[in-house]
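Architecture at a glance
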Amino acid sequence: MPLLFTGFNAFGQHECVSGDVDCAAGFSEINAPVSNQNQCTISIGWRYAALAFGRKLCLRGLLDDGPNECVTLEATGDIRAIAAADSHCLVLLQSGQLYRVQPKLQAELVTVRLEAAPRSNSGTKRSIFGAAKAPSSPIIEHIACGSHINVAISSENCVYSIPSCLHQFSERQFRVKQLQCGHEHAVLLNANGDVFTWGNGLRGQLGLAVLRVEETPQLLEALAGIKITRIAAGGWHSAAISAFGDLYTWGLNCSGQLGMRVMKPGGVLKEPTVYPLPQLQDLPECDCSQGGESNNDCEPLRVFAGSRHTLLIRRCGRLWVSGWCKHGQLGRQLQNLSYVDAFQALEGIKMNPTADDVLCGPWSTLLQLKSISTVPDPIGEFSALWSAIEFNAFMLFAK
């Protein structure tokens with residue numbers, strides 16, 4: 001189960017197994033404590049990477065004085081999720097407890113105390129002796145954060161702008177499926193396929209007709225009635241995939257991260273930089289359709305976003321990319337370009353659309369492959385056999 005990395009790594013956030021690229025797409029294998037039996041949780045910031053394995057939390061990168069610094073902490077329970085921002089990292093335990101840690105060598109896990117949720121209409125809970133019970137601490141189920149936003153959602157569907165409770169979804173049937181944060185905004189997808197956005201929308205990242213700031217989650221009316229299955233939040237842009245296989249993008253398009261042209265034909269005049277409403281993307285036909293399948297059989301299944309880049313996994317398993325690629329975050333095939341403003345396939349890598357995962361840092365991309373596969377290269381037959389990384393690689397990561 002290898003981890004393949006490409007992009008900004010000037011602070012030693014990731015320790016590559018070798019200095020060479022390990023696939024035609026230009027990704028390098030990194031050390032991490034994963035194997036076919038064990039899983040780890042990773043979140044990537046600009047100057048450091050956070051990795052959790054069981055109760056262990058490792059922060060690596062520029063922590064105090066220089067690159068390649070590393071600190072390892074141990075939580076009181078198994079870690080469920082982590083979210084790395086520039087100044088801190090949120091750590092969520094399986095128990096629902098939330099902690100915060102600053103990325104520095106003398107780091108400590110500090111309990112996050114959240115504001116009590118609004119009281120329900122059922123009244124105050126009391127003991128058998130009539131004394132009022134103190135409100136219990138909220139059990140957190142989802143976390144996400146960006147440079148200027150920190151979000152947590154509790155089991156009672158309370159939405160926290162940490163530490164304040166800013167909204168509670170009243171429907172008991174409301175279930176959160178995905179929560180994503182950009183630099184200044186949040187995007188939420190519920191089990192019914194509805195999308196909610198809030199935060200700073202001055203670059204169109206909220207999908208609203210008017211550029212404004214929203215303090216509480218707002219239903220994305222432009223996609224109302226369309227069942228959405230996946231969402232992504234980039235730095236100042238957002239994306240969504242519908243149950244029909246349609247891709248929608250909106251927000252800032254300064255580097256083609258929406259999959260839309262930056263310049264008009266001729267290269268003199270610019271296209272609009274901000275698209276406040278979701279734009280339906282007409283994706284290029286996939287090469288895999290040449291074998292008799294139609295392009296409809298190769299719709300996008302999952303979408304991911306970094307600060308100014310966007311990635312798709314289509315049904316055939318090919319990875320499609322668009323956006324800023326100055327630091328190689330779209331693979332080293334494209335690192336000589338400033339940006340790519342139309343979705344194109346990365347050659348030399350093929351993913352399992354349901355089992356494999358993609359993690360985007362602000363200027364980087366990480367592929368978490370759960371299966372061993374042969375990777376076709378259209379220029380010539382290219383294949384690679386990935387070996388499992390055992391637990392002792394964790395010590396290499398922590399050097």
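Residues numbered from 1 in each chain as written. Predicted model: local features only at pLDDT ≥ 70, side-chain atom pairs only at ≥ 80, totals over all residues. Heavy atoms only, no water.

Strand order in the open sheet formed by 4 strands is E15-E16-E17-E18, and the pairing between neighbours is antiparallel. Whereas interior strands pair on both sides, the edge strands pair on one side only; in this sheet they are strand E15 (176-181) and strand E18 (213-219). Across the sheet, the mean angle from the axis of one strand to that of its neighbour is 10 degrees, orientation sign disregarded. Where strand E16 (residues 185-190) and strand E17 (residues 195-200) come together, 5 bridges link them in antiparallel fashion. (Pairing = 2+ DSSP bridges. Helix = DSSP H or I, 4+ residues; strand = E, 2+ residues; numbered from the N terminus. Axes fitted to C-alpha atoms, helices over the stretch in contact; angles between N-to-C directions.)

Here, the word disulfide means a covalent bond between the sulfur atoms of two cysteines. If you walk through the whole model with that rule in mind, you get 0 disulfides. The thiol of Cys298 is not disulfide-bonded; the next cysteine sulfur, from Cys316, is found 3.3 Å away. (Disulfide = S-S within 2.5 Å.)

On to the confidence of the model for the protein chain, then. In the predicted model, the protein chain carries a mean pLDDT of 86, and the fraction of residues at 70 or more is 83%. Note on residues 374-399: pLDDT under 50 across the span, and 69 contacts to partners over four residues away in sequence or across chains. (pLDDT = per-residue confidence, 0-100. Contact = heavy atoms within 4.5 Å.)

Turning to its location among the elements, Leu283 is positioned in the loop between strand E22 (274-281) and strand E23 (300-305). Here the alpha-carbon distance between Leu283 and Phe343, two residues 60 residues apart in the chain, equals 6.9 Å.

The next subject is the pairing of strand E5 (residues 56-61). Within E5, 5 of the 6 residues are buried, leaving the element largely enclosed by the surrounding structure. Sheet topology places strand E4 (residues 48-53) next to E5; 6 bridges connect them, and they run antiparallel. For Leu51, the partnering residue across the bridge sits in E5 and is Cys58. Count of turn residues in the E4/E5 antiparallel hairpin: 2 residues, of which Gly54 carries a positive phi of about 65 degrees. Two strands pair when backbone bridges link them, and E5 and strand E6 (residues 69-74) are joined in this way by 6 bridges, in the antiparallel orientation. (Buried < 20%, exposed > 50% of the residue type's maximum accessible area, 1.4 Å probe, protein only.)

Right, let's talk about the sheet that holds strand E26 (residues 339-350) for a bit. Spatial strand order, E23-E24-E25-E26: 4 strands in an open sheet with antiparallel pairing. In this open sheet, the two edge strands, each paired with only one partner strand, are E23 and E26. The mean inter-strand angle of the sheet, taken between neighbouring strand axes irrespective of direction, is 20 degrees. Here strand E24 (residues 309-314) pairs with strand E25 (residues 318-324) via 5 bridges, running antiparallel.

Okay, the side chain of Arg318 next. Its place among the elements puts Arg318 in strand E25. Among the polar contacts listed, one links the side chain of Arg318 to the side chain of Glu347, at a separation of 2.9 Å. Those residues within four positions of Arg318 in sequence are excluded, and the remaining contacts are Cys286, Asp287, Cys288, Leu312, Ile313, Ala345 and Glu347. (Polar contact = N/O pair within 3.5 Å; in protein donor to acceptor, adjacent residues only side chain to side chain.)

For the bond running from Ile162 to Pro163, omega is 5 degrees, close enough to zero to count as cis. Relative to the assigned elements, Pro163 resides in the loop between strand E13 (158-161) and strand E14 (164-168). A positive phi is found at Asn68, a non-glycine position, where the angle reads about 65 degrees. For Asn68, the position within the fold is in the loop between E5 and E6. Judged by relative accessible area, Asn68 falls into the partly exposed class, the value being 44%. A positive phi angle, near 65 degrees, is found at Asn157, a position not held by glycine. Positionally, Asn157 belongs in the loop between strand E12 (149-154) and E13.

A few words on the packing of aromatic side chains. One pass over the structure, following the stated rule, counts 9 aromatic pairs. Look at Phe11 and Trp46: their rings are 5.3 Å apart centre to centre, the planes differ by 80 degrees, and that puts the pair in the edge-to-face class. Of this pair, Phe11 sits in the loop between strand E1 (3-7) and strand E2 (28-30) while Trp46 is found in the loop between strand E3 (41-44) and E4, placing the two residues 35 residues apart along the sequence. Exposure remark for Phe11: the relative accessible area of 17% places this residue in the buried category. A ring pair is formed by Trp324 and Trp363, whose centres lie 5.5 Å apart and whose planes are at 90 degrees; its orientation type is edge-to-face. Highlighted residues: Trp324 in strand E25 and Trp363 in the loop between strand E27 (357-361) and strand E28 (364-368), separated in sequence by 39 residues. The exposure class of Trp324 is buried, given its relative accessible area of 10%. (Phe/Tyr/Trp six-rings, centres within 6.5 Å; stacked < 30°, edge-to-face > 60°.)

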